[in-house]
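Structural description and commentary
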Amino acid sequence: MAAPTTDRPRRQEQEPASTEIAEMAPGILRAQLPISLPGLGHVNCYLLEDERGVTVVDPGLPGPQSWRALVARLKSAGYRPQNVHTVVVTHSHPDHFGGAGMLRDRYGAEVISHRSFRTWFDAAEEEEAVDDATEGTDDTAPKVEAGGPFGRQLPWRADTTFRPPVKRRLHMLVWRHALKRFVRTPRPTRRVDDAEVVTLARREWVALHTPGHTNDHLCLFDPAGGIVLSGDHVLPTITPHISGLVAGVDPLNAFFGSLDKVAALNGVTLALPAHGLPFTDLAGRAQEIRDHHEERLDTLRAAAREVGDGSVEEYSHQLFKPRSWGQMAESETYAHLEHLREAGEVTSRDAGGTLRYALVE
Ligand SMILES: [Zn+2]
Ligand SMILES: [Zn+2]
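Residues numbered from 1 in each chain as written. Chains lettered and ligands numbered in written order. Predicted model: local features only at pLDDT ≥ 70, side-chain atom pairs only at ≥ 80, totals over all residues. Heavy atoms only, no water.

Here we look at the overall build of the protein
Counted only if it meets this: Numbering of helices and strands runs from the N terminus, with a helix taken as a DSSP run of H or I at least four residues long and a strand as a DSSP run of E at least two residues long. Classification of residues uses two cut-offs on accessible area relative to the type maximum, computed with a 1.4 Å probe and protein chains only: under 20% is buried, over 50% is exposed, and between them is partly exposed. Any two residues having at least one pair of non-hydrogen atoms within 4.5 Å are treated as being in contact. Areas reported here follow the Shrake-Rupley algorithm with a probe of radius 1.4 Å; residue values treat only the protein chains shown as occluding.
Regarding its fold elements, the protein presents 9 helices and 17 strands. Within the protein, the proportion of its 361 residues that are buried is 57%. The long-range fraction of contacts in the protein, counting pairs at least 24 apart against all pairs at least 6 apart in sequence, stands at 65%. As displayed, the protein offers around 14900 Å² of accessible surface, 48% of which is attributable to carbon and sulfur atoms.

Considerations on the packing of aromatic side chains
We count it as follows: For Phe, Tyr and Trp, rings pair up if their centres lie within 6.5 Å, where Trp contributes its six-membered ring, and each pair is then called stacked (planes under 30 degrees apart), edge-to-face (over 60) or tilted (otherwise). By the criterion adopted, a ring carries a charge over it if an Arg CZ or a Lys NZ lies within 6 Å of its centre and within 35 degrees of its normal.
For the coordinates displayed, the defined rule picks out 3 aromatic pairs. Measuring from ring centre to ring centre gives 6.2 Å for Trp67 and Tyr107, while their planes differ by 15°; the resulting arrangement is stacked. Of this pair, Trp67 sits in helix α1 (residues 64-76) while Tyr107 sits in helix α3 (residues 100-107); the two residues are 40 residues apart in sequence, bridging distant segments of the chain. Assessed through its relative accessible area of 26%, Tyr107 is described here as partly exposed. When the ring of Phe97 is compared with that of Phe117, the centres are 6.4 Å apart and the planes differ by 85°; the resulting orientation is edge-to-face. With Phe97 in helix α2 (residues 94-97) and Phe117 in the loop between β6 (110-114) and α4 (123-134), this residue pair connects regions lying 20 residues apart in the sequence. Residue Phe117 is classed as buried on the basis of its relative accessible area, which comes to 2%. Above the plane of the ring of Phe256 lies Arg290, whose end atom (NZ or CZ) is 4.3 Å from the centre.

Some remarks on the sheet that holds strand β2 (residues 28-37)
Stated formally: Paired strands, as defined in this entry, are two strands with at least two bridges between them according to DSSP. Between the N-to-C directions of two axes lies an angle of 0 to 180 degrees, each axis being a line fitted to C-alpha atoms and, for a helix, fitted only over the stretch in contact.
In spatial order, the strands read β1-β2-β3-β4-β5-β6-β9; together these 7 strands make up an open sheet with mixed pairing. A single partner strand is all that each edge strand has here, and the edge strands are β1 (22-25) and β9 (190-192). Adjacent strand axes in the sheet meet at a mean angle of 30° when their direction is disregarded. Two elements, β6 and β9, share 3 bridges in a ladder whose sense is parallel. Directly across from Ser113, in β9, lies its bridge partner Arg191. Here α3 sits on the sheet in contact with β4 (53-57), β5 (84-88) and β6, set at roughly 150° to β5.

Side note on the packing of helix α7 (residues 282-307) against helix α9 (residues 327-342)
Filter applied, for reference: Each angle receives one of four descriptions, namely roughly parallel if under 35 degrees, roughly antiparallel if over 145, roughly perpendicular if within 65 to 115, and oblique otherwise. For this classification, Asp, Glu, Lys and Arg are treated as charged, while Ala, Val, Leu, Ile, Met, Phe, Trp, Tyr, Cys and Pro are nonpolar and the rest, including Gly, are polar.
Where α7 meets α9, the axes come as close as 10 Å, and the angle between the chain directions of the two elements is 75°. Put simply, α7 runs roughly perpendicular to α9. Taken together, the residues of α9 that come into contact with α7 (itself represented by His293, Arg296, Leu297, Leu300 and Arg301) are Glu332, Thr333, His336, Leu337, His339 and Leu340. Tallied by class, the residues present in the contact of α7 with α9 amount to 4 nonpolar, 4 polar and 3 charged.

Remarks on the coordination of the zinc ion (ligand 1)
Convention followed: Note that water is not among the atoms used; donors are N, O and S atoms within 2.8 Å of the metal (3.2 Å for Na, K and Ca), so sites may look incomplete.
Donor atoms from the polypeptide that coordinate the zinc ion (ligand 1) comprise Asp95 (OD), His96 (NE2), Asp232 (OD), Asp232 (OD) and His275 (NE2), at 2.1 to 2.8 Å from the metal. Ordering the donors of the zinc ion (ligand 1) by residue number gives the pattern D-H-x135-D-x42-H. A distance of 3.5 Å spans the gap from the zinc ion (ligand 1) to the zinc ion (ligand 2), which Asp232 bridges by coordinating each metal. Considered together, Asp95 and His96 belong to a single accessibility category, that of buried residues.

Examining α7
Under the convention used in this document: In this scheme, a helix's expected span is set at 1.5 Å multiplied by one less than its residue total.
For α7, with 26 residues, the first-to-last C-alpha span of 38 Å sits near the 38 Å given by 1.5 Å per residue. Downstream of α7 by one or two residues, Gly308 has phi in the positive range, about 85°.

Here it is, written out as structure tokens:
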């Protein structure tokens with residue numbers, strides 16, 4: 001999932017899924033699977049070919065519709081589901097892991113994710129993974145509670161709990177339902193660490209842990225071929241949603257670190273994102289995304305100077321246009337305010353259950 005930015009014309013990430021299979025590089029094909037989320041019309045599912053068959057990267061949403069599309073795309077590329085020996089899931093959003101459980105359980109595919117992979121669909125897995133995800137972090141940091149985001153208290157306001165907009169909520173309920181009925185919760189069979197090497201498509205990929213959009217985001221880098229599978233971490237024209245509702249102190253800071261990490265890679269000539277078209281200047285795009293967030297931080301600094309003291313909701317109205325107002329916008333604003341607080345630029349105080357942020361004098 002990624003939040004749409006504010007311009008109206010349709011962006012490449014919003015284009016409906018193509019049924020064409022396109023070659024990106026030797027042994028790397030791109031299929032597209034349909035999704036319908038705010039700001040997104042498809043997910044790129046990359047097919048990595050080798051002598052054993054094929055690896056799929058990010059096999060779409062859970063549910064029969066996406067599964068049928070995946071089987072049809074595999075067929076167009078000359079494969080059947082039983083030829084899929086490996087699934088790579090770049091991160092724990094449903095548009096990326098949908099077909100993984102089916103490919104593992106029914107066809108015995110290996111499922112690769114980052115070490116910290118976790119979803120909020122399965123409360124048991126959530127509890128077991130919380131320890132992982134919070135390892136080495138400040139114990140006072142806000143934690144994601146078991147049971148998923150529904151009904152969870154928002155850290156910045158006591159008067160309400162997390163409720164995505166109705167359309168999104170319906171999507172989420174459909175996913176949950178589909179997951180229970182049709183697709184198993186994706187339990188990775190191989191959790192990789194940063195810098196670990198994975199051989200796929202006859203290429204040696206270096207695993208890059210890139211937290212920010214989610215804590216568990218994984219990119220893969222083929223240094224010999226100059227190719228990066230960038231997932232949702234770096235998208236061509238939209239900026240991935242940075243949620244304040246994740247475990248860890250400062251997700252925006254983590255995201256900045258992950259942007260710098262991919263910008264510093266040597267010899268990248270092709271970035272293959274999970275949404276939208278391939279692009280060549282990964283470092284340049286990472287810098288643009290960073291600049292976008294730096295601008296938002298400047299907007300918040302200016303707003304804080306002006307109003308003196310404001311709630312997350314009030315600040316979110318400075319960053320987002322009215323049609324985007326709501327909890328997604330507040331969550332991202334909260335991440336930015338917490339970043340400024342960690343940097344010692346603002347303080348927060350609890351005013352009757354609502355956090356209010358002001359500049360440090
Ligand atoms: Zn996505
Ligand atoms: Zn995502």
